[in-house]
Amino acid sequence: MTTLASPPAVPKIQGRMRRRSRWAGWGFVGPFMAVFALVFLAPIVYSLYLSLFQTQLVGGTSFVGLDNYARALGDPQFWDGVGRVTLFLLVQVPVMLGISLLVALAIDSGRLYGRDFFRLTIFLPYAVPGVVAALMWGFMYGDRFGLVGNFNDLFGTSIPDPLASVLLLPAIGNIVTWQFVGYNMLIFYSALRVVPVSLYEAAEIDGAGPWRVISAIKVPAIRGALVVATIFSIIGSFQLFNEPSILQSLSPNYISTHYTPNLYAYSLSFSGQQYNYSATVAIIMGVLTMLVAYAVQLRGMRKEA
Amino acid sequence: MTIRHHRAVGALAAASALALTLTACGSGSDGGAAAEAMSPEDISAALEEGGDLLVWAWEPTLDKVVEDFEAEYPNVDVELANVGTGNDHYVALQNAISAGSGVPDVTQMEYYALPQFSIGESLADLAPFGASELDSTYSPGPWGAVTEDDAVYGLPMDSGPMALFYNAKTFEKAGVDVPATWEEFVTAAEKLHASDPNTYITADNGDAGFATSMIWQAGGHPFEVDGTDVTVNLADDGSTKFTEMWQQMLDDDLVATVPAWTDEWFQGLGNGEIAALVTGAWMPANLESGAAPASGDWRVAPMPQWTAGAKETAENGGSALSVTEASEQKALAYGFLEYANAGDGVATRLEGGNFPATLADLTDEAFLAEESEYFGGQKINEVLSESATSVVTGWQYLPYQVYANSVFPDTVGQSYTGSTPLADGLAAWQQSIVGYGNEQGFTVGE
């Protein structure tokens, strides 16, 4: 009977509890949200705000609406940079992920002698700070006193200076590959480790060879990791900055101020004081990266399903 | 003196600050101080009373100057901060000015960058503090670079009159005479390169400072600035003289296209493969530290001339100290400037290896008689001082030269990769300069 008499009370209590738990949830994510808003949302909002204005050395600041966006979309220097990173993306990312996958499979195969040593040494370049890596490779690429110069002297070849020729973009790709193969290898390797051993046993009983195991079990099992690594790499390619920026002092005539979109945004704001236009370039580039990454993710997911 | 300081070209230009800024002195928070004329007594009073001064500079010899200054005026506390060299410094300064906080009282300012900041109303006019009376203290080049009409935007700290620095050993080995004209320079370059294919008379990978100084010496006036009206003509007679001669050097592969200030560059200077440099008077200290193996081999000669027998030079590099418009103690800041760049500080800096901008020191007998061990005992200051007094007058930099120099490799630099003639490279540079200027609200004509 009491249960019949008191129904209204139950939802009330539940409601209060729900309300309280709702706030408790916010309490837990609060610290994160605060930092997120401060270091992520605020800069984006500020960039959006900046991109709607124009500041001149003579004449001050004025509201220009979407003029900056129109200008960027028709700016050959911007598209030159976008084209370059796109080419970089199409060539370097498959090469890098291919090598990473190969190494991860080799390590996972259990047939490798000194597996842990191998894994560690391949990962090691990732531990070298990007700036140091670019400097180091910059020295090695020297065709007078660097490794390339030594190679030419020793074998009588005439490899041109990688930093002052058409080899520049491949040379940068080489640095990035060297640095990130280990990182991606670890992602793939850890995904491979969680594949149930029983699947391999079943495959063996069915008479599948090692290549068959790879193509039918291992690669499909780590598709999620492949998609994630691809998205990371796409973002990394579009944001290419460190390597060209460091190598610029060694090869200023080949690495222009608009060599990559990020370098362009940097030059615009730091040597041209065009903060507004720089913010616009950064936003367009962010949106572009998001679109490409999202498309890849959608495609990756669909296959997975 | 640090490396990037020199790389960025300074110059003694009749600094082209805009007339607009001249009226701006009263706008700061303590505007009154700048608007009224102050007597030397007022300055001394401010120094005695004391206070805190923030100085942003990368010039290393200032450390000692600050120490001595604080000993002389115990009530003044100077904080000397190095926020970066060259462009990094200007970025930090521009950010502080935009933010309106943390702006230093005193800042180092290369001559080529000064107009960009005086036009932005960021630097205080020092004329009301009595700076105008120092006009005969400095050689005309640096003084022209810090003044605009009656306004004075800084006191010169050092200067970079150009000369020919050459490796006498390499020249002797190839049997080449020291060139006195640019024509002889080209001939010498051919002979040197023919005697040893690894040897080049000089290195140049496209340097805005070098190119503008060369055009300056050749009598060109590619940049003319009057208020916010700017005229750019990088195809005038002076520019053409330079491009024709230098194009020949590039076509015949007589210039090592090694970027300046890299390891390779210093190695070349040290082992004799880069046999000469035409650059500013601040170079000796850099050679001593960067090209030590060639000690005793290098000599200094006057800058090659366009007409035999002439004595015309240009400036390359050098900087001043300026007081910011945002400073709340301009009188005190000016007191420091005067001490460092016109008073006792000058001798301290010269001891540290600075090349002076002060006339008295440029003609000082002890200074001229100094023998440099690195230069095989040559009295190099005689040559360099002579150059300081022969600088071609009337040169102006753009009011946004910092930006213009940053896009130099994108445009003129392409001529060094062999893809376009130098004259076309300069035309592309001009296009960038005109485009940017108009965007920034200047009226830029060609």
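You'll find the structure just up there.
The model shown is predicted, which means the values in this text are computed figures rather than measured ones. (Residues numbered from 1 in each chain as written. Chains lettered and ligands numbered in written order. Predicted model: local features only at pLDDT ≥ 70, side-chain atom pairs only at ≥ 80, totals over all residues. Heavy atoms only, no water.)

*Asks:* Give me the lowdown on the sheet that holds strand E12 (residues 276-280) of chain B, citing residues and values where you can.
*Replies:* All names here are of chain B. Spatial strand order, E12-E7-E13: three strands in an open sheet with antiparallel pairing. Strands at the two margins of the open sheet, each flanked by one partner only, are E12 and strand E13 (298-302). Averaged over neighbouring strand pairs, the angle between their axes works out to 30 degrees when direction is ignored. Note that strand E7 (residues 162-167) and E13 share five bridges and pair antiparallel. Of the residues in E13, the one forming a bridge with Tyr166 is Arg299. (Pairing = 2+ DSSP bridges. Helix = DSSP H or I, 4+ residues; strand = E, 2+ residues; numbered from the N terminus. Axes fitted to C-alpha atoms, helices over the stretch in contact; angles between N-to-C directions.)

*Asks:* Talk me through helix H10 (residues 210-221) of chain A; I want residue IDs and the actual numbers.
*Replies:* Residue and element names in this part refer to chain A. Buried within H10 are the following residues: Val213, Ile214, Ile217 and Lys218. Axial view of H10: buried residues confined to an arc of 130 degrees, hence all on one face. For H10, exposure combined with an orientation more than 90 degrees from the buried face picks out Trp211 and Arg212. Against helix H4 (76-108), helix H8 (168-193) and helix H9 (197-205) lie the buried residues of H10. (Buried < 20%, exposed > 50% of the residue type's maximum accessible area, 1.4 Å probe, protein only. Arc of directions from axis to C-beta. Contact = heavy atoms within 4.5 Å.)

*Asks:* Which residues make up the nonpolar core, and what values go with them?
*Replies:* Within the largest apolar cluster, 115 residues are counted, with the highest numbers of intra-cluster contacts made by B:Ile201, B:Val232, B:Trp246, B:Met249, B:Phe336, B:Trp429 and B:Ile433. Examining the composition of this core, we find that eight residues originate from one element, helix H14 (residues 330-341) of chain B, more than from any other. Structurally, this core is a two-domain feature, drawing no fewer than three residues from each of domain 1 (3-159 + 317-366) and domain 2 (162-315 + 374-445) of chain B. Apart from residues lying up to four places away in sequence, B:Trp246 is in contact with B:Trp182, B:Phe185, B:Thr202, B:Asp204, B:Phe210, B:Val255, B:Tyr416 and B:Leu422. A:Val176, A:Met185, A:Ile222 and A:Tyr264 belong to the second-largest nonpolar core, a separate cluster that totals 52 residues. (Core = buried A, V, L, I, M, F, W, Y, C linked by side-chain atoms within 4.5 Å. Domains from an automatic or database assignment.)

*Asks:* Got a sec to walk through the packing of aromatic side chains? Specific residues and values, please.
*Replies:* By the definition in use, this model includes 46 aromatic pairs over all chains. Ring centres 6.5 Å apart and planes at 90 degrees place the aromatic pair A:Tyr264 and A:Tyr277 in the edge-to-face group. Taken as a pair, A:Tyr264 in helix H13 (residues 261-270) and A:Tyr277 in helix H14 (residues 275-304) lie far apart in primary sequence, 13 residues in all. One exposure class covers both A:Tyr264 and A:Tyr277, and it is buried. By the ring-pair criterion, three or more aromatic residues cluster together here, those being B:Trp182, B:Phe185, B:Phe210, B:Phe242, B:Trp246 and B:Trp306. (Phe/Tyr/Trp six-rings, centres within 6.5 Å; stacked < 30°, edge-to-face > 60°.)

*Asks:* An account of the environment of B:Ala388 is requested, with residue identities and associated values reported.
*Replies:* Residues and elements named next belong to chain B. Examined against the element boundaries, Ala388 turns out to sit in helix H18 (residues 380-388). Sequence-wise, Ala388 and Val412 are 24 residues apart; in three dimensions their C-alpha atoms are separated by 28 Å. Once residues lying within four places of it in the same chain are set aside, the contact partners of Ala388 are Pro161 and Leu362.

*Asks:* Could you give me a rundown of the pattern of salt bridges, with the residues and numbers involved?
*Replies:* All names here are of chain A. Going through the model one piece at a time under the given rule, you end up with 10 salt bridges over all chains. With a closest N to O distance of 3.0 Å, Lys218 and Asp108 form a salt bridge. With Lys218 in helix H10 and Asp108 in helix H4, this pair connects stretches of sequence that are 110 residues apart. Exposure remark for Lys218: the relative accessible area of 9% places this residue in the buried category. Given a relative accessible area of 12%, Asp108 falls into the buried group. Salt bridges sharing partners connect three or more residues here, namely Asp108, Arg193 and Lys218. (Salt bridge = Lys/Arg side-chain N within 4 Å of Asp/Glu carboxyl O.)

*Asks:* Which residues make up the interface of chain A and chain B, and what values go with them?
*Replies:* Taken residue by residue, the interface counts 24 residues in chain A and 35 residues in chain B. For the chain A and chain B pair, buried surface summed over both sides reaches about 2500 Å², with 48% attributable to carbon and sulfur atoms. Contact with chain B buries area across many residues of chain A, yet A:Leu57, A:Arg144 and A:Asn253 alone supply 28% of it, more than any other trio. The tally of links from chain A across to chain B stands at one salt bridge. The salt bridge partner of B:Glu439 is A:Arg71, with a shortest N-O separation of 3.3 Å. Where chain A meets chain B, there are 12 residue pairs in polar contact (both at pLDDT 80 or more). By residue number, the principal contributor to the side of chain A that touches chain B is strand E1 (residues 53-56) of chain A, which donates three residues. (Buried area = accessible area lost by both parts, 1.4 Å probe. Polar contact = N/O pair within 3.5 Å; in protein donor to acceptor, adjacent residues only side chain to side chain.)

*Asks:* An account of the packing of helix H3 (residues 40-49) of chain B against H14(B) is needed here, citing residue identities and associated values.
*Replies:* Residues and elements named next belong to chain B. Contact geometry of H3 with H14 gives a least axis separation of 8 Å together with a crossing angle of 95 degrees. Viewed along their axes, H3 and H14 adopt a mutual orientation that is roughly perpendicular. Contact residues: H3 offers Ile43, Ala46 and Leu47, while H14 offers Ala331, Leu332, Tyr334, Gly335 and Phe336. Of the residues that constitute the contact of H3 with H14, the class distribution is seven nonpolar, one polar and no charged. (Parallel < 35°, antiparallel > 145°, perpendicular 65-115°, else oblique. Nonpolar A, V, L, I, M, F, W, Y, C, P; charged D, E, K, R; others polar.)

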